[in-house]
Amino acid sequence: MCGIAGIMFKNGRTDHETGVALIDMLDGCQHRGPDSTGFALYGEEHRNELKLRFLVGEGAEANESEALIKTALEAHDAEIVEDKRVGNTYQAVVTFDGDLRSFAYAMEHAAPDAKVISIGQSLDIVKDVGSAHDVDDRFNVHKFKGSHGLGHVRLATESDVRPESAHPFWATGFSDVAIVHNGQITNYWKMRRRLEQRDFEFRTDNDSELVAVYLADKMAHGAPLREALKSSIEDLDGTFSFLASTKDEIGYAKDNLAAKPMVMYENDDLIVIASEEVSLNRLFPGQALNTKEPPPGSYDTWSKST
Amino acid sequence: MVQIDLAEVPVRQANELIREYGAQGEDIDIVNPDARHHIGVGLTDPVTVRLHGSAGYFCAGLTDAARFEVESNVGWGLGDNMYTGSVVVGGNASAIAGVAIRGADIVIRGNMGSRAGQVMKAGTLLCGGNANFMAGYLMYGGRIVILGDSGERVGEDMAGGEIYVGGKIQSLGSDAKMGDSEGAEIDDIREFLDRYEISYKGDFQKIVNEGKKLHYKTSEQQMRSIPFVAFSGKSDYWNPKIQEDIHIKSQIGRYRVRGYGGARELPHLSDITFAREIANLNEISDPVSKVEMHTLIGGKHGAQPLDLTMPVMIAPMSYGALSRSTKQAVGMASSLAGIAENTGEGGMSDAQRGAAKQLIFQMLGGRLGWNIHDMKRANGLEIYISQGAKPGFGGQLMAKKVTKELAEIRGIPAGIDLRSPSRHPDILGGDDLLIKVEEMREATGYKLPVSVKLGAGRIRDDIKIAFKDGFDFVELDGMQGSTGAGGAEVMEYVGIPTISAIMDALDGLAEIDALGDIQIILMGGLRDGVDAVKSLCLGADAVAFGNATIVAGGCISCMQCHVGQCVTGIATQDPEHEKRYRPEIEAHNIHRFLESVRWQIAALTHALGYDNVKSLNRDDLVALTPEAAAITRLPYRPDLRERPSLVEAV
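Residues numbered from 1 in each chain as written. Chains lettered and ligands numbered in written order. Predicted model: local features only at pLDDT ≥ 70, side-chain atom pairs only at ≥ 80, totals over all residues. Heavy atoms only, no water.

A.B. asks: I would appreciate a short explanation of the domain arrangement of chain A in the present structure.
C.D. replies: Accessible area lost during the coming together of the parts is what is often quoted as the interface size. Residues and elements named next belong to chain A. Considered domain by domain, chain A is made up of domain 1 (2–45 + 126–303) and domain 2 (46–121). Its C-alpha centre places domain 1 at a distance of 23 Å from the equivalent point of domain 2. Contact with domain 1, which involves 21 residues of that partner, is made by 22 residues of domain 2. For the pair domain 1 and domain 2, the summed buried area comes to about 1,900 Å², and 57% of that belongs to carbon and sulfur atoms. By the criterion of area lost to domain 2, the three top residues of domain 1 are Glu-45, Trp-170 and Arg-203, representing 31% of everything that side buries. There are two salt bridges connecting domain 1 and domain 2. Notably, a salt bridge pairs Arg-203 with Glu-108, separated by 3.2 Å at the nearest N-O pair. Listing elements by their share of the side of domain 1 that touches domain 2, those giving two or more residues are β7 (123–129) and α4 (132–139). Of all the elements, β7 adds the most residues to the side of domain 1 that touches domain 2, at three residues. For the side of domain 1 that touches domain 2, the per-class residue count stands at six nonpolar, three polar and twelve charged. (Domains from an automatic or database assignment. Contact = heavy atoms within 4.5 Å. Buried area = accessible area lost by both parts, 1.4 Å probe. Salt bridge = Lys/Arg side-chain N within 4 Å of Asp/Glu carboxyl O. Helix = DSSP H or I, 4+ residues; strand = E, 2+ residues; numbered from the N terminus. Nonpolar A, V, L, I, M, F, W, Y, C, P; charged D, E, K, R; others polar.)

A.B. asks: Got a minute to help me understand the sheet that holds strand β9 (residues 169–170) of chain A in this structure?
C.D. replies: Sheet strands line up and pair through hydrogen bonds in the backbone, either parallel or antiparallel. Residue and element names in this part refer to chain A. Taking strand neighbours across the sheet as the criterion, the five strands line up as β9-β10-β11-β12-β15 in an open arrangement whose pairing is antiparallel. Every interior strand has two partners, whereas the edge strands, β9 and β15 (299–303), have only one. Strand direction decides the pairing type here: strand β11 (residues 238–245) and strand β12 (residues 249–254), joined by five bridges, are antiparallel. Within β12, the residue paired with Ser-241 across the bridge is Lys-254. (Pairing = 2+ DSSP bridges.)

A.B. asks: Any chance you could explain the sheet that holds strand β10 (residues 176–179) of chain B here in plain terms?
C.D. replies: Residue and element names in this part refer to chain B. Spatially, β1-β2-β3-β4-β5-β6-β7-β8-β9-β11-β10 is the arrangement adopted by the eleven strands of the open sheet, whose pairing is mixed. One side of each edge strand has no neighbouring strand; the edge strands of this open sheet are β1 (2–5) and β10. Within the sheet, the average angular offset between the axes of one strand and its neighbour, ignoring direction, is 15 degrees. This element, helix α1 (residues 11–23), spans β1 and β2 (28–31) of the sheet and lies at about 170 degrees to β1. (Axes fitted to C-alpha atoms, helices over the stretch in contact; angles between N-to-C directions.)

A.B. asks: Please clarify how the state of the cysteines should be interpreted in this entry.
C.D. replies: Between two cysteines, a covalent bond joining their sulfur atoms is known as a disulfide. All names here are of chain B. Evaluation of the coordinates by the stated rule reveals zero disulfides over all chains. Free cysteine: Cys-59, not disulfide-bonded; nearest cysteine sulfur from Cys-127 at 16 Å. The thiol sulfur of Cys-566 is not disulfide-bonded, and the nearest other cysteine sulfur, from Cys-558, lies at 6.1 Å. With a relative accessible area of 14%, Cys-566 lands in the buried category. (Disulfide = S-S within 2.5 Å. Buried < 20%, exposed > 50% of the residue type's maximum accessible area, 1.4 Å probe, protein only.)

A.B. asks: Explain the side chain of Glu-66 of chain A here, please?
C.D. replies: All names here are of chain A. By the secondary structure assignment, Glu-66 is in helix α2 (residues 59–75). For Glu-66, a relative accessible area of 13% gives the class buried. There is a polar contact of 2.8 Å between the side chain of Glu-66 and the side chain of Lys-70. (Polar contact = N/O pair within 3.5 Å; in protein donor to acceptor, adjacent residues only side chain to side chain.)

A.B. asks: I tried to follow the interface of chain B and chain A on my own but got confused; where do I start?
C.D. replies: Taken together, the contacts link 33 residues of chain B with 31 residues of chain A. Taken together, the two surfaces of chain B and chain A that pack against each other cover about 2,400 Å², and 49% of this comes from carbon and sulfur. For chain B, the biggest contributors to the area lost against chain A are Asp-34, Asp-431 and Lys-468 of chain B; these three give 23% of the whole. Inspection of the chain B/chain A interface yields five salt bridges.

Right under this line is the structure:
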């Protein structure tokens, strides 16, 4: 029940107007999902640092959460380099070199009313209720410069309109992995139980989170993103088109029935993928693009040059 | 020639301009289309529309006679349901190009996406490049020409028509086979290619329907005449119904198909009664004048609402399941009673349109009989997702009823056992549905209410989607609803009871804080004004009667609707049988029944202490059985079971 978008500038520089591009693309397909909007943005990499973003809400409750998060960070030897509150989120850059998965789960449990939205060396996720422009107003997405990113607009048909059920989903426990998804995973519970038996935690009942954790698990076992996407088409049942990204890559997978739309455009400088061509055209107004529609049951990845 | 710049003019306004210019015979140039949706929908004049760029979803959809030229690419559903006219696309087309076309030329110079030509009925769909998978899925007629490779499963479950492939045939779909093409067919294709200036000198391979799935191997057996009371088999374990069921299966070797309603006992409105004692309704003099019953349905988004003299409508029933005369009679009765009628699946006949003052036009997945001209003369548009008697299934019409005339209206081959597609080609999620609803609104200038018919299944979720997708109202159909033909076990065991359906719907809306924000028309085995009032108390905004109106119009409840030999001339397409049905007389019978409903609604509302049906509420009800109490969360009052039935009080 959504629209998705992804962009990668191929030259690997992190000074591209990624935020503006994603806002335009999502505004183009906002009709697919007017309820909430989100962005996964990949900026400059902080080699020995981690960027964390928590959803904390507003007011006294948020202050309390922030204090608890700080205590938890200290307890895990994560030293705060800088931090601030933006909108309903708390953002911190920390130094940390321990085991990321246990650290991530500890952060998730740091404060009862806070939720981790993303952790990564270059990844930052912002998501909230409202349109692409609403979310931009709150988080200054248009100022964001980076190498690549994903975006998502959501039509909330099965649950409340809440910021935490917005996309993108971070693959909890795995640095810098994010996904946006349009569709429905029908073997959700089966796959989730499999992953839970191996001590993965799930933050929501949203099937898109499963896609993120599934991919991250594959990659943690050494599979490149490409392989993870390939196996996802076999392992996940349902109708889906999703985009996934890591620090250096962006990729897609599309189910065997091609029930969810996806179209892409590539030139020497960039690759853009979206649910509808109208989003791609936003980046090239007035131009007839030579677009491609990925076939059913297909996947592909692109890497930025480093 | 006029120009419209879509960078300046919103699509909604542009479409109005396109139709205005079209009416004046003016050709139109569109610049900066930038892949926007719904460009040109609803145009029915023979003008040329040139798009300089790419178009989004449903370009040229729901049109007749116009010529479209698109320089670059198009999104899903190119030329949706086009009657005549043409679309030429310079680049690629996305999924379901040429969906449900009824006669147009669709030319795509590049590649086309999956399921091209799904449920198309006539016309030509040509792809200059390669097709993606399942081209010709469920097609009923016309031809698809693919100059490149066919894609996987080409011709999947096609019922008619031809597919010609110039390149490689990657794999054949279910019930498709290679056929022999005659010289004249190929000459005709070459002439078509010349007309659109496409040079192709290669050969063609032809794919046609294999005919394995068009008919049941054994036809449906006539049933013995068992009265419904015995058929519903309340008391005995090996009752006549069970025996008959086994006998018939022993003959046909498969599941059975039958008509009429479910016969299994389920919690229903009769398990609910009024909290206060109601007696001697007859003593209320002229209750109709004392109670406000006027109801407007579907005006929520600015469309012209249905204007009902009471909160009652006719449930959707198809011309096909029912004879033309029956649909005419029901339409006349609806006008006499001042309520709305509904076409059901299979198109709108002139007789029906003429008879019904207010008529909802229904669209199903097969798009049988669906077209822009009848949309424009309807009073409401409705998307059928499923029905209470067989949720998750499409309509069923056995061969006997698929006459030449009926097949023509629906655009399908005559004489097949028609099992309509259960899914819509272009509705695979709430997001697609949103775009589809907008296409219908764009094509008809936002004048008509657009509703959705939901058979009760996962109503708690479905109603949220219906609300989020901006429907004007929901027609909610419970398991006790009847049908012209359905799998016997499906009718008895699939779905949820009508009282559960309304509760789930209201609970779903409450969860998203939208209670009261979308109107609900409840149906599914409602028999009289008493059931209507109980439904209104439970939270429905109006109710609909289907089977009750058929019984009022002469049905003898023999449950043989599927056979097509209906002795009363109701559920038949045989002119000899239909002769027995006298629409003018039956219209008055149905009307008198509807007036009895009106009187009962008024009398009960008055007796409950109100002067407006909108005041009816849950506090007026109690449950008589533990099941009904559990479902409705009404107070359980077994002590009231012995109270004389309300029908006797009237």
